Each structure stands twice: as C-alpha cells, then as structure tokens.
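# Close look at the chain arrangement
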Amino acid sequence: MTAQRTTLLCLIGVLTLASADGALAQKMFSRGPSSDIGRPSGPTGGGGGFRGPGWGTVVPGIIMAVPQGYPADGPVIDNGPRQPRQATRRSATGAPSANERRLVPDEVVIELSNAVSTQQVDALQRRFRLTRIESQTFQLSSTTLYRWRIPDRRSVAAVVRALEGDRLVAAAQPNYLFTLQEGETRSEGDPAQYELAKLHLPQAHALARGDNVLVAVIDSAIDITHPELAGSIAERFDALMPSTGPHKHGTAIAGLIAAHAKLMGAAPGARILAVSAFDPKNAGAEGTTFNILKGLDWAATRGTRVINMSFAGPPDPLIHRSLEAAHKKGIVLVAAAGNAGANSPPLYPAADPSVIAVTATDIEDKLFEQSNRGPYIALAAPGAQILVASPDGGYDVSSGTSYSAAEISGIVALMLQRKPDLKPEQVRGILRATAKDLGPKGPDAMFGAGLADAYGALTAEAAPLTAGRPRPVERVSTGAR
C-alpha cells in the first residue's frame, strides 16, 4: 500500500509540473548554456517560437502536456535528428491572380534557406519537374533565390501553389515583369531645363551638389561615355544575361541626376551606381523580379544612399521584402508613380510603404495626364517635356514620371551631402513638409504633398520620423493582387 501511494504521488507531481503555467514550466524547459533542451530547429531571430515536435511529445522520463497560455509550437525538449533551418514561410500564397499577365509565362522564382543542401535542391527540382536557369544568394534577405523554368504547359499559378506545399520552400512566386515609365520621346523641343527653376535647384546648388553621394540607378544600360556623365559613374553591375548596349531610358535617368555639361542634373556631384536590369524590347524595356532583386542586393552592398527605381509593375512579395530590408539599412528609396493614368490600380514599387512615390507635373504645374493617382503619392516634380541625355552623346525631349523620380533622387543626394545622418523617413518628411501645395488644399491623391523644393528641403530643420508620411497603401503580401 505504501509503494502504491508513493507511485501515485510521483505521478501526480509530474503531471502537475507538466501542466503548470508561468515561470515554473518555462524554467523547467528553457535551454541552459550547454544543453540541447529547447534548441530551435526552425528560423532564428527575434520573435519566432522554437520549431520541433511540440508540446505533448513523449520524452523518456517526462510526461509533457500543454501548459495554459503556451503556443503549440513553443519550447520543447528535442533530441531528435536536426533538419536544415528553413527561411521564414509566408502565410499567404505567392500565386498570381487569375488576370495577372505581367509575368514570365513559364518561370517561377523560389526562395530557399541557405542551409538547404545541393542534394535537396536537386531533389526538389526533380520532384516538381522544373529546369534550373540561375540562382543567387541575396544579402538583403539572407536566403537563396532560384529561377526555374516550367518545361511543360503547367500554369505558373499551379506550380507556385504546388511548391508552397513543400517543407523546403520558404516562398514561391512568378518572375514578374516591370516596365520603365517613360512617355513619347521626340528629338525636337524647348531646350530650356524649366525644371531647374521649378525645383529651386540653382539656389540649392549654392549649398550642396551631392558630392560623392552614391545613387543607384536600377534601369536599362547607361551610356557611361556620354559627356554629361563624365566622371559620374562609380561602378557598374549587369544583371542581364546576355548584357545589352546603352539605352535611352537609363542614360536619361542618370543624366537627370548627375549631368554636368550642357545640362545640369539635380545632383551634379553625385556618383552613380549603374545597374543594368532592364532588357530593351521594341520601343521600351522590361525587367524581371529576379534581375531587379539582383540589382537591389548589389547596390545595397556597395554603400548606396539612394536607389532610383523609374519602373512600375505588379505587387511583388520578394521585391517588397528586399525594399523593407534596404529601408531598414537607411537607404532612401525613390520610384516613379507610373504612367498608367487616373484609373490604374496602384503600381509598384512606388506604392510600397518604404518607397517615396513621385508623380509628374508640366511647365504650368499641372499634373502630367498619364500619371497614376492614389494616396501613396508622396510628392511631385516636373516630368512633362523634359530635356534629357540620350546615347551616343545625343539629347531628347521626353515625358514621364520616370524623370520626376530621378529629379527627386538627385535632391535626396543634396540633402544627404548636407546632413548625412538623415534617415529615410526624415527625408520623406522634409520633402513633403517643404513642398509647394498644388491642386486641392493639403495632400491629395494627384500631387501628394505638392511640388518639391530643393532649396527649402536643404534649409529646413530635420522633420520628425513620422512627419508628412502619406496614408500607406495596403501592404504587399505573398499573394499578388
């Protein structure tokens, strides 16, 4: 009888410990300095719970139950086989919407943890009947991305959803297509750079010229031999396979930022990181998710302070996450609002909350008719009938929100030369607080806070981190909308 009572009391004691909440249970199962107890087998980093067999697992010598208030994937005793750590999986699908056509029709982009072995990658490729095109490890995401071709007639959406069911795949999505935001170009027109006076750039240049501030231009290939850009190109990176020759759009954007011959850029002393990520197609140029990500990652590792993105396309989960990471590193992100007109849905990356979205105005401070509208528009700059540099030492007159974005990127370079410690949200706040109000009183969906003022931005006191931030557009999830 005594032995039976002793056994019963021990069992009650163990069950009590296993069901206790608060400090006792946490102390009992926390990891000590040299113990494997509570060792995480999932992703590391702040906030995430440990991965493992979970509460309720039978461990020799201990009966485990779920204490009140603990998540099912909380700390555990895990002495089982270790698996490669997985990159954080997104909760929503990365499959494109049914009517989305802005993508490469036979490709998928897959994100895997850097810990996944070559053998596992090969097995994954065979399992889903895919053909590898290229892969790269990205510092902004600390993961490896793979671009794979679908060799049969399966849809991108079907393959993405199938891949998302595999435990090794952190994320999968289409290889989206983005286009440069330029309007019709003509070789004749008013040669006067009216934007200089509109933006008060001559006065601003008396205070700063953007000397040695690195500005990355993710665009088509730039004519680095153009007289306007002599000495302005710090480094080049070609994300394309095969590479392409100089293109009018990239050359124009670089010139609007740093020109210093016949033309005057917004920041003539800035240094350009030339990223070729857009392949000329007929009259325009296209860039893919994968090539844009390569450009973002390369620029971020080169110490860039500003990234100009004069292109637009669909919401892209992987690009969104890279932009967030770049923003956290203190990089100011500037993008063209888009040239799809008043009825267009938001275009990205301009509509991303980490990005300063710039719309275009004309010589009379009226909105460029093709400009996108929306609450994500931060401010405006001249973009209609702008005199720009073109390849082979030429010049054109062209229109588009692309050019407005480049002017703002140059103004940001002036601000950072004068006050290098400015954070991205402070830059946004100052630009908006000093802008000239246009259209309806106060910030609006057409002009944002109004027409930028370079001199006003340079002479303003630093704005609070949250000052002037527009109402954010719905954040990008892994599901394209």
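Refer to the structure above for everything that follows.
Note that the structure is predicted; figures quoted are calculated from it, not measured.

A few words now on the packing of helix α10 (residues 401–418) against helix α11 (residues 424–433). Each packed pair of helices is defined by two parameters, the angle between the axes and the distance between the axes. Running from N to C, α10 and α11 point in directions that differ by 110°, and their axes come no closer than 11 Å. In terms of orientation, α10 and α11 fall into the roughly perpendicular class. In this structure, α10 crosses over α11, and the sense of that crossing is right-handed. When α10 is examined against α11, the residues I408, I411, V412, M415 and L416 are found in contact with a partner set consisting of V427, I430 and L431. For the contact of α10 with α11, the class distribution of residues is 8 nonpolar, no polar and no charged.

Across a sheet, strands are paired by hydrogen bonds formed along the backbone, either parallel or antiparallel in direction. A sheet is described by the order of its strands in space; here 7 strands give the open sequence β6-β7-β5-β10-β12-β13-β14, paired in parallel fashion. In this open sheet, the two edge strands, each paired with only one partner strand, are β6 (233–238) and β14 (377–382). Along the sheet, successive strands turn relative to each other by an average axial angle of 25°, direction set aside. Seen against the sheet, helix α7 (residues 248–258) touches β5 (214–219), β7 (271–276) and β10 (306–309) and runs at an angle of roughly 160° to β5.

In this structure the tally under the stated criterion is 15 salt bridges. Two residues, R127 and D166, come together in a salt bridge whose shortest N-O distance is 2.8 Å. Separated by 39 residues along the polypeptide, R127 in helix α3 (residues 118–127) and D166 in the loop between α4 (156–164) and β4 (169–180) bring together distant segments of the chain. The exposure class of R127 is partly exposed, given its relative accessible area of 44%. Residue class for D166 comes out buried when judged on its relative accessible area of 9%. The salt bridge partner of K294 is E134, with a shortest N-O separation of 2.9 Å. Here K294 is found in helix α8 (residues 289–301), whereas its partner E134 is found in strand β2 (residues 131–138), with 160 residues between them in sequence. E134 carries the same exposure label as K294, and that label is buried.

Going through the model one piece at a time under the given rule, you end up with 5 aromatic pairs. Between the aromatic rings of F138 and F290, the centroid separation amounts to 6.0 Å while the plane-to-plane angle is 85°, which identifies the pairing as edge-to-face. Residue F138 is located in strand β2, and its partner F290 is located in helix α8; the two are separated by 152 residues in the primary sequence. Like F290, F138 is buried. Considering the side-chain rings of F237 and W298, the 5.3 Å spacing of their centres and the 15° angle between planes classify their relative orientation as stacked. Of this pair, F237 sits in strand β6 while W298 sits in helix α8, and the two are 61 residues apart along the sequence.

Our focus in this paragraph is the side chain of S404. As for its position among the elements, S404 is in helix α10. For S404, a relative accessible area of 0% puts it in the buried group. Only 3.5 Å separates the side chain of S404 from the backbone nitrogen of G383, close enough to count as a polar contact. S404 has contacts with V358, T359, A360, A381, P382 and G383, leaving out every residue within four places of it along the chain.

Below, the discussion takes up unusual backbone geometry. Along the chain, M241 connects to P242 via a cis peptide bond; the corresponding omega equals -5°. The omega torsion of the bond from Y348 to P349 falls at 15°, within 30 degrees of zero and hence cis. With respect to the helices and strands, the residue P349 is situated in the loop between β12 (332–336) and β13 (355–361). Positioned with a positive phi, Q385 is a non-glycine residue whose angle comes to about 55°. Among the structural elements, Q385 can be located in the loop between β14 and β15 (386–390).

We now examine the pairing of β15. Among the 5 residues of β15, 5 are classified as buried, and the element is accordingly described as predominantly covered. Side-chain alternation along β15 places I386, V388 and S390 on one buried face and L387 and A389 on a second face that is also buried.

Membership of the largest hydrophobic core comes to 63 residues, with the highest contact counts inside it found for V108, L130, L163, L296, I307 and M309. The leading source of residues in this core is α8, at 7 residues. Setting aside residues no more than four positions away along its own chain, L130 makes contact with V108, I110, Q125, W148, R149, I150, P151, R154, V159 and L163. Core analysis: the next-biggest nonpolar cluster, separate from the first, contains 61 residues, A266, A274, I386 and V427 among them.

Turning to α8, a few remarks are in order. With 13 residues, α8 should reach 18 Å at 1.5 Å per residue; the first-to-last C-alpha distance of 19 Å fits that figure. If you check which residues of α8 are buried, you get T289, F290, N291, I292, L293, K294, G295, L296, D297, W298, A299 and A300. Within two residues after α8, G303 carries a phi angle of roughly 80°, on the positive side.

So, how was this worked out
- Residues numbered from 1 in each chain as written.
- Predicted model: local features only at pLDDT ≥ 70, side-chain atom pairs only at ≥ 80, totals over all residues.
- Heavy atoms only, no water.
- Axes fitted to C-alpha atoms, helices over the stretch in contact; angles between N-to-C directions.
- Helix = DSSP H or I, 4+ residues; strand = E, 2+ residues; numbered from the N terminus.
- Parallel < 35°, antiparallel > 145°, perpendicular 65-115°, else oblique.
- Left-handed = near helix turned anticlockwise from the far one by under 90°.
- Contact = heavy atoms within 4.5 Å.
- Nonpolar A, V, L, I, M, F, W, Y, C, P; charged D, E, K, R; others polar.
- Pairing = 2+ DSSP bridges.
- Salt bridge = Lys/Arg side-chain N within 4 Å of Asp/Glu carboxyl O.
- Buried < 20%, exposed > 50% of the residue type's maximum accessible area, 1.4 Å probe, protein only.
- Phe/Tyr/Trp six-rings, centres within 6.5 Å; stacked < 30°, edge-to-face > 60°.
- Polar contact = N/O pair within 3.5 Å; in protein donor to acceptor, adjacent residues only side chain to side chain.
- Core = buried A, V, L, I, M, F, W, Y, C linked by side-chain atoms within 4.5 Å.
- Expected span 1.5 Å × (residues − 1).

From the geometry alone we can't say anything about function, so treat these as descriptive.
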